[in-house]
Amino acid sequence: MRKQYLEAGRIVGTHGVRGEMRMECWCNDPRFLSGFKRLYLDHGAQELSVSCRPHKRLVLVTVKGVDTIEKAALYRGKVLYIDRDDAVLPQGEYFVQDIIGLSVIDADTHEVYGSVADVLRTGSNDVYEMKDGDGGTVYIPVIPDVIDRLDIDGGAVYIHPIKGLFDDED
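What you see is a predicted model, and the numbers here were worked out from it, not measured in a lab. (Residues numbered from 1 in each chain as written. Predicted model: local features only at pLDDT ≥ 70, side-chain atom pairs only at ≥ 80, totals over all residues. Heavy atoms only, no water.)

Colleague: Quick one: what's the story with the overall build of the chain, residue by residue and with numbers?
Modeller: Per the secondary structure count, the chain includes two helices and twelve strands. What you see in the chain, going N to C, is helices and strands ordered as β-β-β-β-β-α-β-α-β-β-β-β-β-β. Reported as C-alpha extents along the three principal axes, the dimensions of the chain are approximately 60 × 30 × 30 Å. A total of 170 residues make up the chain; the buried ones form 36% of that total. (Helix = DSSP H or I, 4+ residues; strand = E, 2+ residues; numbered from the N terminus. Buried < 20%, exposed > 50% of the residue type's maximum accessible area, 1.4 Å probe, protein only.)

Structure, rendered in structure tokens:
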């Protein structure tokens, strides 16, 4: 089941003396959060009216009503969330949190190999870290030759295993 509120990042400190906060961004790009007017605390339980702007690899967040360094310091360590309804992703892109937990299934034989435990960013392409039933780890490159399709609603990623992915063959 898809989460309605997704982790966007963690407040790591203050910025200046007027209540602005530095947030470690857990999105692909800090610019993604620039258009958001609302972020949330406690898995969506508390709405914050905000403005966000990228700053190096961080996001600077201003929360309405937080106008001093002392008030801003109270947010240190807190995780902020976005509402998935406020986000628009390009066609073919997904939230990492929606991919983690998907069953990894052979597109031809329908054999279930395991489930996605993490999505690693390598630069050239993503890699799905898959845990099999025995606790072993397999790294699946997210490339067209391997990934057949994602079925987020069906809870599966269908793959065409390449030689050597699940065995030690040459």
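Colleague: Got a sec to walk through the pairing of strand S3 (residues 38-41)? Specific residues and values, please.
Modeller: Taken together, the four bridges between S3 and strand S4 (residues 46-55) define a ladder with antiparallel strand orientation. Counterpart to Leu41 in the pairing with S4 is Gln46. Linkage of S3 to S4, two consecutive antiparallel strands, is achieved through a turn of four residues, within which Asp42 is found at a positive phi near 50 degrees. (Pairing = 2+ DSSP bridges.)

Colleague: Outline the sheet that holds strand S10 (residues 137-141), supporting the account with residue identities and numerical values.
Modeller: Hydrogen bonds along the backbone pair up the strands of a sheet, which may run parallel or antiparallel. In space, the six strands of this open sheet follow the order S10-S9-S8-S7-S12-S11, with mixed pairing throughout. Only two strands of the sheet have a single neighbouring strand rather than two, namely S10 and strand S11 (147-151). Going across the sheet, the axis of each strand differs from the next one's by a mean of 35 degrees, ignoring polarity. Pairing between strand S7 (residues 103-106) and strand S8 (residues 112-121): three bridges, direction antiparallel. Within S8, the position partnered with Ile105 by the bridge is Val112. (Axes fitted to C-alpha atoms, helices over the stretch in contact; angles between N-to-C directions.)

Colleague: How would you explain the packing of aromatic side chains if you had to name every residue and give the values?
Modeller: All chains considered together, the criterion is met by two aromatic pairs. The positively charged end of Arg149 is found above the aromatic ring belonging to Tyr158, 4.0 Å away from the centroid. (Phe/Tyr/Trp six-rings, centres within 6.5 Å; stacked < 30°, edge-to-face > 60°. Lys NZ or Arg CZ within 6 Å of the ring centre and 35° of its normal.)

Colleague: Tell me about unusual backbone geometry, and name the residues and values.
Modeller: The backbone of Asp42 sits at a positive phi, close to 50 degrees, despite the residue not being glycine. Summarising the element assignment, Asp42 is placed in the loop between S3 and S4. You can call Asp42 exposed: its relative accessible area is 52%. A positive phi angle, close to 60 degrees, is found at His43, a residue other than glycine. Relative to the helices and strands, His43 is located in the loop between S3 and S4.

Colleague: Can you tell me about the layout of surface pockets, naming the residues and giving the values?
Modeller: There is about 1000 Å³ of room inside the largest pocket. Around the largest pocket sit 32 residues that line it, and Cys27, Asn28, Tyr94, Val96 and Arg121 are the ones nearest its centre. Breaking the lining of the largest pocket down by element, the ones donating at least two residues are strand S1 (5-15), strand S2 (20-25), helix H2 (96-99), S8, strand S9 (126-132) and S11. Per-class residue counts for the lining of the largest pocket are 21 nonpolar, three polar and eight charged. (1 Å grid on protein atoms, 1.4 Å probe; cavity = no way out; pocket = protein on both sides within 12 Å on 5 of 7 lines; lining within 4 Å. Points joined across faces, edges and corners; volume = space filled by probe spheres on them. Nonpolar A, V, L, I, M, F, W, Y, C, P; charged D, E, K, R; others polar.)

Colleague: Outline the pattern of salt bridges, supporting the account with residue identities and numerical values.
Modeller: Taken as a whole and judged by the stated rule, the model has eight salt bridges. The shortest N-O distance in the salt bridge between Asp86 and Arg38 comes to 2.5 Å. You can see Asp86 sitting in the loop between strand S6 (79-83) and H2 and its partner Arg38 sitting in strand S3, a full 48 residues away along the chain. Among the residues examined, Asp86 registers a relative accessible area of 29% and is labelled partly exposed. Arg38 sits in the partly exposed class, given a relative accessible area of 31%. Linking Arg149 and Asp148 is a salt bridge whose minimum nitrogen-to-oxygen distance equals 2.6 Å. Owing to a relative accessible area of 40%, Arg149 belongs among the partly exposed residues under this scheme. (Salt bridge = Lys/Arg side-chain N within 4 Å of Asp/Glu carboxyl O.)

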